[in-house]
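For reference, the chains in residue letters:
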Amino acid sequence: MTVSSAPGKVYLFGEHAVVYGEPAVPCAIERRARVSVEPRSDDHVRVVAEDLSLDGFTVEYEGSTRTQPDVDVDESLLSAATGYVDAAVRQAREAADAPEAGFDITVESDIPLGAGLGSSAAVVVAGIDAATRALGEPIDDREIARRAYRAEYEVQDGQASRADTFCSAVGGAVRVEGDDCTTLEAPNLPLVVGFDGGAGDTGKLVAGVRDLKDTHGFAADTVASIGDIVREGERLLAAADPDAGPDSELLDGLGELMDFNHGLLSALGVSARSLDSMVWAARDAGAHGAKLTGAGGGGCIVALDSSPETETALSFTQGCVDAFRAELATEGVRREDRR
Ligand SMILES: Nc1ncnc2c1ncn2[C@@H]1O[C@H](COP(=O)(O)OP(=O)(O)O)[C@@H](O)[C@H]1O
Ligand SMILES: C[C@@](O)(CCOP(=O)(O)O)CC(=O)O
Ligand SMILES: [Mg+2]
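The rules behind each value
Counting restarts for each chain: residues are numbered from 1 in the order of the written sequence. All chains are assigned letters beginning at A, and all ligands numbers beginning at 1, according to the order in which they are written. For this predicted model, a pLDDT threshold of at least 70 governs which residues receive local features, and a threshold of 80 or more governs which side-chain atom pairs are given and counted, while totals over whole chains, interfaces and linings are taken from all residues. Processing note: side-chain calculations cover all non-hydrogen atoms of the structure and skip hydrogens and water entirely. UniProt positions are given in the numbering used here, feature names are shortened, and annotations may be inferred rather than shown by experiment. Working definition: helices are DSSP H or I runs of at least four residues, strands are E runs of at least two. Numbering for both runs from the N terminus. Strand pairing is defined by DSSP finding a minimum of two bridges between the two strands. Between N-to-C directions, angles span 0 to 180 degrees; the directions come from axes that are lines fitted to C-alpha atoms, helices contributing only their stretch in contact. Whether two residues touch is decided by their heavy atoms; if any such pair falls within 4.5 Å, the residues are in contact. The span you would expect from a helix comes to 1.5 Å times its residue count less one. Accessible area is worked out with a 1.4 Å probe on protein chains only. A residue is then buried under 20% of its type maximum, exposed over 50%, and partly exposed in between.

Undergrad: I'd like a rundown of the UniProt feature "domain: GHMP kinase C-terminal" (unreviewed entry) in the protein, residues and numbers included.
TA: The residues that UniProt annotates with the feature "domain: GHMP kinase C-terminal" (unreviewed entry) are residues 251–310. Across residues 251–310, helical content stands at 52% and strand content at 15%; the span's end C-alpha atoms are separated by 14 Å.

Undergrad: Quick one: what's the story with the sheet that holds strand E10 (residues 289–292), residue by residue and with numbers?
TA: Across the sheet, four strands lie side by side as E10-E11-E9-E12; this open sheet has antiparallel pairing. Only two strands of the sheet have a single partner each, and these edge strands are E10 and strand E12 (322–326). Along the sheet, successive strands turn relative to each other by an average axial angle of 20°, direction set aside. For strand E9 (residues 191–195) and strand E11 (residues 300–304), the ladder comprises five bridges, and the chain directions are antiparallel. From the neighbouring strand, Phe195 faces E11, where its bridge partner is Cys300. Packing against the sheet, helix H7 (residues 248–267) makes contact with E10 and E11, and its axis sits at approximately 30° to E10.

Undergrad: Could you give an account of helix H6 (residues 217–239), naming the residues involved and the relevant values?
TA: The end-to-end C-alpha distance of H6, which contains 23 residues, comes to 33 Å, matching closely the 33 Å that a straight helix rising 1.5 Å per residue would cover. Within the span of H6, buried status applies to Ala219, Thr222, Val223, Ile226, Gly227, Ile229, Val230, Gly233, Glu234 and Leu237. Where the residues of H6 are buried, they touch strand E1 (2–13), strand E2 (25–40), strand E7 (173–177), strand E8 (180–184), helix H5 (202–215) and H7.

Undergrad: Please provide a residue-by-residue account of unusual backbone geometry, values included.
TA: Non-glycine residue His16 carries a positive phi angle of around 65°. Along the chain, the position of His16 falls in the loop between E1 and E2.

Undergrad: Any details on the UniProt feature "binding site: ATP" (unreviewed entry) in the protein? Residues and values, ideally.
TA: Summarizing the sequence annotation, UniProt attributes the feature "binding site: ATP" (unreviewed entry) to Pro112, Leu113, Gly114, Ala115, Gly116, Leu117, Gly118, Ser119, Ser120, Ala121 and Ala122 in the numbering used throughout. Relative to the assigned elements, Leu117 resides in the loop between strand E6 (102–109) and helix H2 (119–134). With near-sequence residues (within four places) excluded, Leu117 lies in contact with Gly8, Lys9, Val10, Ile29, Ile111, Pro112, Val193, Thr293, Cys300 and Phe324. Its place among the elements puts Ser119 in helix H2.

Undergrad: So what's going on with the environment of Ser266? Residues and values would help.
TA: With respect to the element layout, Ser266 can be found in helix H7. Taking the C-alpha atoms as reference points, Ser266 and Thr2, 264 residues apart in sequence, are found 42 Å from one another. Those residues in contact with Ser266 that lie beyond four places of it in its chain are Ser271 and Asp276.

As structure tokens, this is what we get:
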């Protein structure tokens, strides 16, 4: 059996705008999805994914056609839930030139689903790595990132950036602008995450921003302004000493940009009452800045605070079901085969 894990992420800046070619800076965090893969002698794919809100389920395919789900749920709900694992299987089969390969797959994850922490990218990255290795055709991290992007692009109807998948594959803080993906030297930032227990539909939220941008010049300008914020943030990060802890001047500067970025995401219609109230709770508690992370609609916010105040305030905020400090994950995809 091969087992791979990959981290989730928070966006310091730039989600949504990155889909239209602006830069973004996501940071991988130590919350991981683990995918175990056992090759089969037939061409079936059996998936056990207990974290899915469908109460855990098992699905079996013949070749590439899904046959009999073991749960009684609507087909559209099932395809939404299984889309990313399906797409990872297709990429692994293609990479290994084994179109008929069958697998038993188990997905376990510490990353809440659909909450803006990149669970989909982590599952796809770990899945492609574990499945290609199971077929004896390992691929390197850059190729995993490239194939994982194609998987997300497919599932999100052609509306995805390389940011989540690259960040999850290589770890650390990264910068993505169009096809250009690089790792950043960034100091270890005091990231605090608040989670409202909910989820957003990435594909729909991205489509909503696209419509706004295509309809109104001011929405297109808003997207471009997010790009300006990211470039400003990059300048601050580049000027900082990556080996020294971040000083309060840097944190204030980044925090101000995060606050502004949240305002613009809110203007683009992707925030939610619960996200806004967590953002305000963090600011009131003295965080340097706070914003939603990922697609929005519900899910998580990220704040900067070295003190315990923000985490404590969030844990008492109505609508926040979990608050935690997120450590930067310096390692991306990780091979975890049990010996
Ligand atoms: N533990 C998991 N098991 C199986 N599929 C998962 C798991 N975590 C995430 N996924 C897939 O990713 C989707 C959520 O991805 P998305 O909407 O992009 O949100 P995010 O990436 O912000 O978590 C789920 O609907 C599911 O298809
Ligand atoms: C909104 C977007 O920029 C990020 C989505 O992140 P998440 O799937 O919500 O974690 C979409 C993308 O970059 O593909
Ligand atoms: Mg996602």
